[in-house]
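Overview (structure and organization)
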Amino acid sequence: MNRGRTGGRLGARFGRLPLRSRLTLLTAAAVAVAVAVSALACWLLTRAQLRDEVDNSLQNVSVPADYLQVTYANCQPTDPTENTNAPPSYYNVQIVQVDGSRCVGPNSQPVRVQRTDLAVAQGVVRDTLHDAVTTGGADVRVLTKHMDVQGGQFAVSISRPLGEIDSALNTLALLLAAVAGLGVVGAGTAGLVIARSGLKPVDRLTEAVEHVARTEDLTIRIPADGEDEIARLSRSFNSMTAALAASRDLQQQLIADAGHELRTPLTSLRTNIDLLVRSEQSGREIPAADKAALLSSVKAQMGELAALIGDLQELSRHPEPGQSAVEVVALHDIVDSALGRARLRGPSLTITADIAPWYVRAEPAGLERAVVNLLDNAVKFSPAGGGVEVSLAGGELTVRDHGPGIPQDELPHVFERFWRSPSARSLPGSGLGLSIVARTAEQAGGAVRLRSADLGGTEAVLTLPGAPTPPPRLPDEPPVPPGPGS
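Predicted model only: the values in this text are computed from it and were never measured.

As for the packing of aromatic side chains
The full count for this structure, using the stated rule, is 1 aromatic pair. Between Tyr 72 and Phe 154 the ring centres are 5.8 Å apart and the planes differ by 20°, which places this aromatic pair in the stacked class. Here the residue Tyr 72 occupies a position in helix α3 (residues 65-73), and Phe 154 occupies one in strand β5 (residues 152-161), the gap between them amounting to 82 residues. Accessibility expressed as a relative area gives 43% for Tyr 72, which makes it partly exposed.

Section: the pattern of salt bridges
Taken as a whole and assessed by the stated rule, the structure comprises 6 salt bridges. Put simply, Asp 55 and Arg 141 hold a salt bridge, and the shortest N to O gap is 2.8 Å. With Asp 55 in helix α2 (residues 19-60) and Arg 141 in strand β4 (residues 139-149), this residue pair connects regions lying 86 residues apart in the sequence. Relative accessible area serves as the criterion here: at 12%, Arg 141 is assigned to the buried category. In this structure, Arg 141 engages Asp 131 in a salt bridge whose closest nitrogen and oxygen atoms are separated by 2.8 Å. A residue pair is termed long-range when its members are at least 10 positions apart, and Arg 141 in strand β4 and Asp 131 in strand β3 (residues 127-133) qualify at 10 residues. Several salt bridges share partner residues, and in doing so they unite Arg 51, Asp 55, Asp 131 and Arg 141 into one network.

As for the sheet that holds strand β8 (residues 359-362)
Strand-to-strand pairing in sheets goes through backbone hydrogen bonds, with the strands running parallel or antiparallel. Here we have 3 strands laid out as an open sheet, ordered β6-β8-β13, and antiparallel in their pairing. Edge positions in the sheet fall to β6 (327-330) and β13 (466-467), since each has one partner strand and no second. Two strands pair when backbone bridges link them, and β8 and β13 are joined in this way by 2 bridges, in the antiparallel orientation. Paired with Val 360 across the two strands is Gly 466, which belongs to β13. Packing against the sheet, helix α9 (residues 331-345) makes contact with β6 and β8, and its axis sits at approximately 50° to β6.

So, the packing of α9 against helix α10 (residues 364-381)
Taken N-terminus to C-terminus, the directions of α9 and α10 make an angle of 40°; their axes are 9 Å apart at the nearest point. One element, α9, and the other, α10, form an angle in the oblique class. Once α9 is placed against α10, the crossing between them reads as right-handed. When α9 is examined against α10, the residues Leu 331, Ile 334, Val 335, Ser 337, Ala 338, Leu 339, Arg 341, Ala 342 and Arg 345 are found in contact with a partner set consisting of Pro 364, Leu 367, Glu 368, Val 371, Val 372, Leu 375, Asp 376 and Val 379. Here the contact of α9 with α10 is composed, by residue class, of 12 nonpolar, 1 polar and 4 charged.

Looking at the state of the cysteines
Using the criterion set out here, one finds 1 disulfide in the structure. Here Cys 75 is linked by a disulfide to Cys 103, with a sulfur-sulfur distance of 1.8 Å. Given an S-S torsion of about -85°, the disulfide between Cys 75 and Cys 103 has left-handed geometry. Highlighted residues: Cys 75 in the loop between α3 and β1 (92-97) and Cys 103 in strand β2 (residues 102-104), separated in sequence by 28 residues.

Remarks on the pairing of β8
In this sheet, β8 lies alongside β6 in antiparallel orientation, the contact comprising 4 bridges. Note on β8: the bridge partner recorded for Val 328 is Arg 361.

So, the sheet that holds strand β10 (residues 396-401)
Pairing is mixed in the open sheet, where 5 strands are placed in the order β7-β9-β10-β12-β11. The two strands at the open ends of the sheet, each matched to only one other strand, are β7 (350-355) and β11 (447-452). In this sheet, adjacent strand axes meet at a mean angle of 10° when their direction is disregarded. Pairing analysis gives 5 bridges linking β10 to strand β12 (residues 458-463), with the strands arranged antiparallel. Residue pairing in the sheet places Arg 400 in a bridge with Glu 459 of β12. Across the sheet, α9 touches β7, β9 (387-393) and β10, and the angle it forms with β7 is around 175°. The strands touched by α10 are β7, β9, β10 and β12; relative to β10, the strand with the most contacts, the crossing angle is about 20°.

Details of the pairing of β10
Of all 6 residues that make up β10, 5 are buried, and the element is covered over most of its length. Examined bridge by bridge, β9 and β10 share 6 bridges and lie antiparallel to one another. Along β10, the bridge assignment pairs Ala 393 with Glu 396. As consecutive antiparallel partners, β9 and β10 are separated by 2 residues, and within that stretch Gly 394 has a phi angle of approximately 60°, a positive value.

Some thoughts on unusual backbone geometry
Glycine aside, the phi torsion of most residues is negative, and most peptide linkages are trans. You will see that Asn 107, though not glycine, has its phi angle at about 60°, which is positive. Within the secondary structure, Asn 107 is located in the loop between β2 and α4 (115-121). We classify Asn 107 as partly exposed; its relative accessible area is 34%.

Considering α9
With 15 residues, α9 extends 21 Å between its outermost C-alpha atoms, agreeing within 8% with the 21 Å of an ideal straight helix rising 1.5 Å per residue. All of the buried residues in α9 are Leu 331, His 332, Asp 333, Ile 334, Val 335, Ser 337, Ala 338, Leu 339 and Ala 342. Each element contacted by the buried residues of α9 is listed here: β6, β7, β8, α10, β9 and β10.

Parameters and conventions
- Residues numbered from 1 in each chain as written.
- Predicted model: local features only at pLDDT ≥ 70, side-chain atom pairs only at ≥ 80, totals over all residues.
- Heavy atoms only, no water.
- Phe/Tyr/Trp six-rings, centres within 6.5 Å; stacked < 30°, edge-to-face > 60°.
- Helix = DSSP H or I, 4+ residues; strand = E, 2+ residues; numbered from the N terminus.
- Buried < 20%, exposed > 50% of the residue type's maximum accessible area, 1.4 Å probe, protein only.
- Salt bridge = Lys/Arg side-chain N within 4 Å of Asp/Glu carboxyl O.
- Pairing = 2+ DSSP bridges.
- Contact = heavy atoms within 4.5 Å.
- Axes fitted to C-alpha atoms, helices over the stretch in contact; angles between N-to-C directions.
- Parallel < 35°, antiparallel > 145°, perpendicular 65-115°, else oblique.
- Left-handed = near helix turned anticlockwise from the far one by under 90°.
- Nonpolar A, V, L, I, M, F, W, Y, C, P; charged D, E, K, R; others polar.
- Disulfide = S-S within 2.5 Å.
- Expected span 1.5 Å × (residues − 1).

Here you go:
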């Protein structure tokens with residue numbers, strides 16, 4: 001339990017370190033592990049090689065027969081310290097008999113007899129090679145061979161001290177430890193340098209984000225060279241700030257335009273209401289006809305304000321992902337309903353329609369408002385006694401009026417928010433109707449355009465993808481609701 005809490009605290013502390021420090025530590029740790037594994041492998045391979053050389057040297061040692069005879073004749077359990085044609089001094093020779101006793105040769109250190117040595121003396125195995133210890137405590141490598149002389153069985157053990165190997169291995173271990181330490185220090189230094197140079201773009205990005213948060217300056221840009229992840233992140237940040245700057249500019253422009261459009265009806269309302277209040281306060285009655293005109297103007301201005309606020313709300317409405325009200329809609333029914341409203345608003349106009357069935361995927365309320373806006377524009381700009389032709393075929397809704405038309409140089413601006421033709425600024429409206437139509441068409445995957453009609457007037461064309469028949473309904477899907485005019 002304590003070990004788990006300690007590990008958790010260390011992990012938390014490591015997570016609180018700066019990214020540069022974590023990269024340096026991780027680099028140093030990775031190199032330390034790699035160097036440690038390499039050093040251990042090198043040490044083990046060297047040890048195995050040295051021991052193989054010792055084993056080969058033991059296999060190649062030849063003990064003179066007279067040396068063995070002297071050793072056996074003068075059998076001593078310890079070193080007799082005599083030198084009678086003895087092998088080199090760095091070898092120990094002793095005879096192991098079947099009962100486990102030993103005869104140590106001159107100038108040799110007695111080696112403890114093991115079970116494998118006894119098995120060789122008894123003839124169970126021919127030879128054995130193993131580690132052992134002298135009576136003095138020194139480590140040796142022992143080769144024991146079976147001997148059979150004149151009916152007598154015994155074994156000869158030849159051993160070589162391992163001290164020289166252990167000394168070389170200890171020296172190698174110290175050398176490898178020093179090299180590993182230098183490697184870890186070098187890796188840590190290199191990791192720090194690499195982390196500093198590699199994280200410079202991140203530092204620039206951090207400084208840019210902090211600058212934006214502190215000053216709200218969205219014009220800042222980060223150099224994005226290359227195709228790595230940092231460059232992609234920098235380009236994404238630049239795109240984000242550019243989009244935010246454009247959005248803020250549009251928002252400021254929308255507020256300025258809305259304020260300008262609201263000022264005119266508010267000024268007119270305030271003027272008319274001031275006249276009515278002054279009349280009441282002074283006791284001088286306004287003539288009935290003038291009072292009726294004032295009240296009618298107030299009502300009209302209130303209606304214009306309500307329409308403007310409604311248009312602004314429509315433009316600012318963005319459904320949340322997954323919560324969109326898009327569904328299959330009968331466009332012909334919506335057009336039929338909008339035609340009924342248009343005929344009420346233009347009773348002196350002749351409105352003809354040729355409507356074919358067409359089903360689209362869109363938001364019903366937004367699509368109906370867009371169609372109504374197109375028909376309202378045609379009614380508003382048509383002269384008294386004129387006509388409006390409406391047709392719907394193949395997903396293309398065409399609304400043609402016979403009004404004054406729109407000059408060619410003004411056509412690119414008709415879908416901008418609050419833009420109104422100079423010739424139409426005296427007419428009621430907010431300049432947002434066609435913007436709503438364009439946004440609705442884009443959301444439904446379609447498009448809208450205005451063009452000058454032959455023989456005068458304007459032709460608005462709204463194109464929406466769909467089909468003349470509704471799509472097959474899924475078992476759990478509700479049927480296509482009828483349009484407002486069905």
